[in-house]
Amino acid sequence: MKKLYLFNFFFLFLLGNVLAQNQQDYSNNSTLAQRVKALAAKYPQLVKSKSLTQTIGGRDILMLTIGTGKTEQKPAVVVVGGVEGKHLLGVEMAIGFAEKLMASSTVDSIKTLLDKQTFYVFPNMSPDATEQYFAKAKNERSGNATKTDDDRDGNINEDDSDDLDGNGKITWMRIADPTGKYKLNTDDPRSLLMADATKGEIGKYILLPEGIDNDKDGEFNEDGDGGVAFNKNSSYNFKPFVAGAGEYAVSEKENRALFDWLFDAFNVYAVVTFGPTNNLSTPVTFNAPGVAKRIITSWFEADAKANALVSERYNKITKTKDAPKTQSESGDFSQWGYFHYGRLSFSTPGWWVPKVAPDSARKEKKFNNEDAVASYLRWATGQGITNTFTPWKAVAHPDFPGQTVEVGGLDPFVLINPPYKMVDGIVAKHTDFIIGLAGMAPQLDLINVKTEKVADGLTRVTLKVMNTGDLPTYTKIGDRSYFLKKIVVNVKSNANQTFVSGRKTQTLESIQGKEFKELTWLIKGTGKVTIEAGSPTTGSKSIEVSL
Amino acid sequence: MRKNIILLAAMILCAGILKAQKPENILAAVGTPPNPKVQVSWNRYNDYAAITDICKRLAAAHPNLVKIESMGKSFQGKDLWVVTITDTKVGNADKKPAMYIDGNIHSNEIQGSEFALYTAWYLAEMYASGNKSIMSLLADKTFYIAPTINPDARDNFIHQANTAHSPRTGLIPIDNDRDGTTNEDGFDDLDGDGHIVMMRRKSATGRFKVDPTDNRRMILVGAEEKGEYELLGSEGNDNDGDGFVNEDGEGAYDPNRDWGWNWQPNYIQGGAYKYPFSLPENRAIVDFVMKHPNIAAAQSYHNNGGMILRGPGAIEDVDTYNALDIRVYDALGKKGEEMLPGYKYLVVYKDLYSVFGGELDWFYGGRGIYTFSNELWTGYSMYNKTDGEDSQNQLYTFDKDLLMKDAFVDWHAYKHPLYGDIEIGGFKKTYTRLHPGFLLESDAHRNMAFSVYHAYNTPKLSVGEIEVKDIGGGLTQVTTIVNNERMIPTHSSQDVKNNIEIPDIISLSGGTVVAGMIVTNRDMNFTVEQKLDPTNIKVQNIPGNSFVTVRWLVKGGSKFTVNVNSKKGGLASKSN
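Calculation rules
Residues numbered from 1 in each chain as written. Chains lettered and ligands numbered in written order. Predicted model: local features only at pLDDT ≥ 70, side-chain atom pairs only at ≥ 80, totals over all residues. Pairing = 2+ DSSP bridges. Helix = DSSP H or I, 4+ residues; strand = E, 2+ residues; numbered from the N terminus. Axes fitted to C-alpha atoms, helices over the stretch in contact; angles between N-to-C directions. Buried ≥ 20, exposed ≤ 12 C-beta atoms within 10 Å, placed from the backbone. Domains from an automatic or database assignment.

With an unreviewed UniProt entry as reference, chain B is termed Peptidase M14, source organism Pedobacter polaris.

Let's shift gears to the sheet that holds strand β15 (residues 461-472) of chain B. Within a sheet, each strand pairs with its neighbour through backbone hydrogen bonds, oriented either parallel or antiparallel. Residues and elements named next belong to chain B. As summarised here, the arrangement of the 5 strands in space is β15-β16-β21-β18-β19, forming an open sheet in which the pairing is antiparallel. If you trace the sheet from one side to the other, it starts and ends with β15 and β19 (526-529), each paired once. Taken pair by pair, the neighbouring strands of this sheet meet at an average axis angle of 30°, ignoring direction. Bridging between β15 and strand β16 (residues 475-484) involves 9 bridges; their strand directions are antiparallel. Looking at β16, one finds that Glu 467 is bridged to Thr 479.

Moving on to the pairing of strand β4 (residues 142-146) of chain B. Residue and element names in this part refer to chain B. Within β4, 5 of the 5 residues are buried, leaving the element largely enclosed by the surrounding structure. Here β4 shows a buried face lined by Thr 142, Tyr 144 and Ala 146 and a second buried face lined by Phe 143 and Ile 145. Relative to β4, strand β3 (residues 98-103) is paired through 5 bridges, and the arrangement is parallel. If you follow Ile 101 over to β4, its bridge partner there is Ile 145.

All names here are of chain B. Between Asn 303 and Asn 304 the backbone carries a cis peptide bond, its omega angle lying at 0°. By secondary structure assignment, the location of Asn 304 is in the loop between β9 (295-303) and β10 (307-310). With an omega of 0°, the peptide bond running from Gly 311 to Pro 312 counts as cis. Its location among the elements puts Pro 312 in the loop between β10 and α7 (323-339). Positive phi outside glycine occurs at Asn 246, with the angle close to 60°. Tracing the backbone through its elements, the reader meets Asn 246 in the loop between β8 (229-234) and α6 (280-291). Residues other than glycine seldom take positive phi values, yet Thr 432 does so here, at roughly 85°. Mapped onto the fold, Thr 432 is located in the loop between β14 (420-427) and α12 (437-456). Given 19 C-beta atoms within 10 Å, Thr 432 falls into the partly exposed group.

So, on to the sheet that holds strand β15 (residues 487-492) of chain A. Residues and elements named next belong to chain A. Pairing is antiparallel across the open sheet formed by 4 strands, whose spatial order is β17-β15-β19-β20. Where the open sheet ends on each side, the last strands, each with one partner, are β17 (505-508) and β20 (539-546). Strand-to-strand twist of the sheet, defined as the mean angle between neighbouring strand axes without regard to direction, takes the value 15°. Relative to strand β19 (residues 528-535), β15 is paired through 5 bridges, and the arrangement is antiparallel. Bridging from a neighbouring strand, Lys 492 pairs with Thr 530 of β19.

Below, the discussion takes up the domain arrangement of chain A. Residue and element names in this part refer to chain A. Per the domain assignment, the segments of chain A are domain 1 (2-132 + 227-352 + 418-438), domain 2 (152-222 + 354-414) and domain 3 (444-546). Look at where the C-alpha atoms of domain 1 and domain 3 centre, and you get two points 34 Å apart. Counting residues per element, the ones that place at least two in the side of domain 1 that touches domain 3 are β9 (268-274), α8 (301-318) and α9 (333-339). Tallying contributions element by element places α8 first for the side of domain 1 that touches domain 3, with 4 residues.

Below you can see the structure in the form of structure tokens.
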């Protein structure tokens, strides 16, 4: 382990120099495709790339298989980006991980790792949505290009947002109106907060995303171009009849293609998602009633422990802090990774607006209100970021004749995607984390092998099948799922050897990290037998025993 | 192949004999097509090729009534046939209220296909014979009938050695014992007689003995009695040498745990596959159903036990099935109990067992369609009385009394590689869950009639009164009533609650509409105005055996036409 840490320092140093940082902004799909292609071309022995499927929008879902030899037979980590279409950073983190891993593929420890394990990288699961970042009017969107009737009125995509001020960004509009529920934030009047009626506060503004009620149904921008969101369409905690969820779980081509592929990848022991949910800064907590129900809603205790172990490693390696608590939305992918795929599933957004203390030089005061926008603006000021807020400006709005309507507010994307110059550092830290995680992988060893002569020609063989890794060979939740394989222990014997006791072939259930299972056989006969134990998530180990 | 040739020869022979019986020699029995264009024997079971043949012959014989198309392909690439039956000379098939029927989702539950096919055949042939009820039904409604939605494993059940319970699954290989190899240890037809039956062994410690009243039957001995035999399960061997017998056979998932309503993974809901509609057969069906929003009723056929089942499948969905919809279900289900002697109208989660991801729950929960699953065949039919205390015994007496012992493979000796001297015997796969030949047509007919009743009760919309009143100022007030003459609403309350299907649209033409509204109380003049697009009034629902009232204020015109367009209720129109 110590070796790995030493290596990490070296690694960070190395990367700064090796990678040409000529990219200035997040990757659109063609840039991403080029980066994938370049990687596969430069490291043909280590990287295989392919398109898993195409979305309804005609965009490829790219995947990379990184490893050596028979990659499908080695324990594997899955890395997924772009689960949330607004989160461009997740895409960068996933493809960036692949690039940085390859950049150090000649380093001994990485070479060894790539001989032993496989990495499957899916950099962008929402290519239809992320492309909106590059659209003429920048617009946060999660849905793919499936045509959906979000408001279920029989018309499709009839009320999208509109760039009223023509600044190339879909921001916000506030309407001065006595029925409004919002008021200006006294900490920073550029931002609005919900008025708290219980404190006698009075709302003065209606706050809506920038747009016109194109279909005149009283709702604004409620049925825009976005279709089904990848991160709302998984089968765990799926909620039907919600805009963006899909008519039923796993309805979309990209969701199906990924799930089909993953279910057949029996060697996957962990899934790392770069997306909105965060169980790496703070691990999940075990909640006994949640596993006592038929529909399980809590991690099992043993799995929660593994999460805690990995979380500790994450915080140590990435040195990230003050992560806001996240609430997974319904149909979320990373939750699916645990609850339905049955794998250890970890997720982090990678970046969040850092907490900053008031700067007395700028006469800043401590905030009285919790407000992500105000916090962002204060942090951005300190960073010298100036172009992410559109000052409120009055426009004439057809739906509010005679009322004051102002367009402005925080730009789309900026709350969850940092300035691009920060991305490389974030990628480097998270690359180190995934390498650290791989260092915790389940691994089998056959130890304490004992042979005893019980009588002439009758030998008792005893040994321990040990999981020398930190993580379980498979999860507790996967115990009863036929998509996770048991450890098969097979004794290869010859025709003169018979089993008086103990099974020639048997399967073992999961073994926790650093735990073991003792096996014993009584074998009649002489010569040698070979005992082999293995499973797709652990690799296999075999020993020869003389009777 | 040779079997097929013999079959073909037999068919040609039969056809010849039938020709010799001229219509004038026959007196039609009531309620049965007197002289059907397509001859089918309804006292036997059909494999996929035979089903395909019947569907194609129906379509060829009744081009104006029957259309056959493929919904998609099975795992092995077989076409999933769906037969559309309606009077194509009246209206558009896909705009009429429709009933969807499928059979054989569980591959061993094969008679659902014969029941579904019988329904298709009966509707077409009765229409062709001039039966007024069916002609009127097919003018109003469309039937989409998919005889088998699991054709791969149906053929496995029919053509391979099996028990009455195998396979229940489709044929995608599954590693049931999770050892890394698939389907490596299934049943073995040890004696090669084409049947998988039971194995028994003489044993000093056994707890079974031969029933002195019927030597085919094994019974458990009493507490103070000594047994002679032990039972060793279904015919098989430990093919993979892991110490278990028959633990990893064909497939082994459940296509009826694969539907996208409250779907749960296989560690919670045994039989679930990867995700909702991850089985190609079900995916083809869901795509078909989504493309046919006119489906207002659905029926799936299973076996056995004589049940008319509705959801919810799981207690977690109790609130999904709300009181208004349950009233409709109850009315239909109770009628079904009368029509199907020995069948009981039951609720899956409380009367049967818990099911997540079942077909009927998706049809109702996901699409708002009133759906039943019938568990075909009941022991009641053996002696037309409710099962006695010993229904197991009845299986033996019925076989002896009425089936001439055709259902049983007599116990015979066999030398088993693992168990040594054993005996093999037991009921054939075609008994205990499947109808004996002579009862097949009768029960198919009764279930068909239940579906006809269900389909008849899908919405039938009509425009009633059109009242035109001059209210001065150049404005005319047009008030109309749209009736639903049947029990089923255009939108079930599950549908209304979730806006599953778009509203029904009631439109006015003739004159310029300046305002439009739904009249909620005509006497008190309570109305709800629709400001946007008042020409086309959207109503959330037209309830069963009820009506809605709509009003417009119009400039100009005196001749008006009211058009109604409802996805599940069909079209209606009237002019004043």
